[in-house]
Amino acid sequence: MQLSREAIVEGLQRIVGADDVVTDEAVLAESSVDNFRKLENIFGVHTMPLPAAVVMVRSTEQVAAVLAFADEHGVNVVPRTGHTATEGGLETPVPDSIVLDGSPMDRIVDLDPYNMQATCQCGVPLQVLEDRARELGLTTGHSPQSKPVAHLGGLTATRSIGQFSTLYGGIEDMVVGLEAVFPGGRVARIKNVPRRATGPDIRHIVIGNEGALCFITEVTVKLFPYFPQNNRFLGWTHRDMKVGFEALREVMVGGFKPSVARIYDPGDADLHFAHFIEPGDCVLLFMAEGPAGIAQATAEGIEAVVARHPECKQVDGRYIETWFNDLCWGPDKIAAEDERIRQTRNVNRTTEISANWSTINDIYEAAIGRIRSEIPDLTRLGGHSSHSYINGTNMYFNYFYNMVDCGPEDEPSKYYLPIIGIICEETLRFGGSIVHHHGIGKARVPWVKGEYGSSYFMLETLKHGFDPHGIMNRGTILPS
């Protein structure tokens, strides 16, 4: 028999103490959604079932005890740390869920400059770790836009990527080892070694699981030397995204490793670079970093590649440096954006996908065309590529619309989900991936079977094997 809300709260209080079981209704309402339904928190209108409690855990042992309790009684658990997810992965679609919050687990366990790695509990903010590393002349190499507010556990769970990924890789390239707790309270530790060939790489059962399989309690990530004085910034304008994609492809295929490599289409370029571009311009930009000789050689090599495209007109690198220095979004920018939406009812959303070089422009053109013709009340539409590989790149669609004749609770169904649907449909039609780095969450679950195709049974098998009673973040990654 399902436990009552009161019984769930009492059981949790026995495990972690009454002070760490939050039942305030305002907190529960805010915790029923993430940034997918951010308008509900902005406007104070909530439609998702309330969780029974937000549980603040302070140790692996407490996490294990809560998951054992939930597994025994069939209570849905939504793991979180920084609460910065964007795709509905932190929503509570099941009444009386447990929101399991690891934010109090915020200790840097070990910062080891000799072995070039740092071990952190799940609630360590990435900005805190990065600041500590830089005191030693090191960097994590990980810089998502959410760096000031995101935590190591959530970044690992969502398979995040940062603005320097073209050089350092995504979080999956940085994680050395980790500790995670599975349903029933079973603790698993994956040791910290540079590589091993002892069967499948089981780190990847945990990295990107979005709380649908386990709760990540500790992460060890690589560190890298930090040479900001050697950074080189490069930029060009051009008039055709195909030209930009081709120049970017040639840089990557040529073996160069800039830390930042991006193309902005006219709609998105106007948002960031209007002070130096002409209407209709695209922007191609790079940053090279590392030891002085490497940074210089990388910059010179990129300039030689782009010079083969006379359509590209080079701009002063100081424009790119100024843009770069204002990339991250901390609490102040988030609050200002929330207030802008509250005052104007003009909403900004993003959706990102990936594909190989031969199809990325087709996906871009098809999705942009359909969004423009099928979605009402658009005020801006564009996109950029921001993470590239030798065999392809991503596309990050950026769009604004006015909420017309609908409340904030209806915004996802009228605008956001139809746009996501167009982007996912066109991406799958051309053989790309429906998510590059934000995670599937609950928002993109309707397209997950199309994403996996004949390998979908492998994902189902993982879920059933590690979470046989289905208590972990129901409806995330796999349909409910």
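The structure this text deals with has already been given above.
Residues numbered from 1 in each chain as written. Predicted model: local features only at pLDDT ≥ 70, side-chain atom pairs only at ≥ 80, totals over all residues. Heavy atoms only, no water.

**Student:** How would you explain the pairing of strand β3 (residues 77-80) if you had to name every residue and give the values?
**Tutor:** Both faces of β3 are covered, namely the face carrying Val77 and Pro79 and the face carrying Val78 and Arg80. Direction of pairing for β3 relative to strand β4 (residues 98-101): parallel, over a ladder of 4 bridges. Considered in β4, the bridge of Arg80 is made with Asp101. (Buried < 20%, exposed > 50% of the residue type's maximum accessible area, 1.4 Å probe, protein only. Helix = DSSP H or I, 4+ residues; strand = E, 2+ residues; numbered from the N terminus. Pairing = 2+ DSSP bridges.)

**Student:** Any chance you could break down the packing of helix α10 (residues 241-253) against helix α15 (residues 360-374) for me, citing the residues and the numbers?
**Tutor:** Packing of α10 against α15 brings their axes to within 10 Å, and their N-to-C directions diverge by 150°. As judged from the angle between their axes, α10 and α15 are roughly antiparallel. Of the two elements, α10 crosses α15, and the hand of that crossing is right-handed. Facing α10, whose interface residues are Met241, Lys242 and Phe245, α15 presents Ile360, Asn361, Tyr364 and Glu365. Residue composition of the contact of α10 with α15, grouped by class: 4 nonpolar, 1 polar and 2 charged. (Axes fitted to C-alpha atoms, helices over the stretch in contact; angles between N-to-C directions. Parallel < 35°, antiparallel > 145°, perpendicular 65-115°, else oblique. Left-handed = near helix turned anticlockwise from the far one by under 90°. Contact = heavy atoms within 4.5 Å. Nonpolar A, V, L, I, M, F, W, Y, C, P; charged D, E, K, R; others polar.)

**Student:** Explain the packing of aromatic side chains to me, and be specific about the residues and the numbers.
**Tutor:** Within this structure, the stated rule accounts for 13 aromatic pairs. With 6.0 Å between their ring centres and 80° between their planes, Trp236 and Phe286 make a pair best called edge-to-face. Within this pair, whereas Trp236 is found in strand β12 (residues 232-238), its partner Phe286 is found in strand β14 (residues 282-288), the two being separated by 50 residues in sequence. Comparing Trp236 with Phe286 shows no difference in burial state: the two are buried. Ring centres of Tyr264 and Phe273 lie 5.1 Å apart, and the angle between their planes is 85°; on these two criteria the pair is classed as edge-to-face. The class of Tyr264 is buried, set by a relative accessible area of 1%. Grouping aromatic residues by their ring pairs yields a cluster made of Tyr264, Phe273, Phe276, Tyr319 and Trp323. Stacked on the ring of Phe43, the Lys or Arg Arg345 has its end atom at 5.8 Å from the ring centre. (Phe/Tyr/Trp six-rings, centres within 6.5 Å; stacked < 30°, edge-to-face > 60°. Lys NZ or Arg CZ within 6 Å of the ring centre and 35° of its normal.)

**Student:** Which residues make up the nonpolar core, and what values do they have?
**Tutor:** Ranked by size, the top nonpolar core spans 61 residues in total, and within it Phe286, Phe397 and Tyr399 carry the most contacts. Not counting residues up to four positions away in its chain, the partners in contact with Phe397 are Arg349, Thr350, Thr351, Ile353, Ile363, Tyr364, Ala367, Ile368, Gly382, Gly383 and Ile423. In this structure, Leu129, Met174, Leu178 and Met287 belong to the second largest nonpolar core, which totals 46 residues. (Core = buried A, V, L, I, M, F, W, Y, C linked by side-chain atoms within 4.5 Å.)

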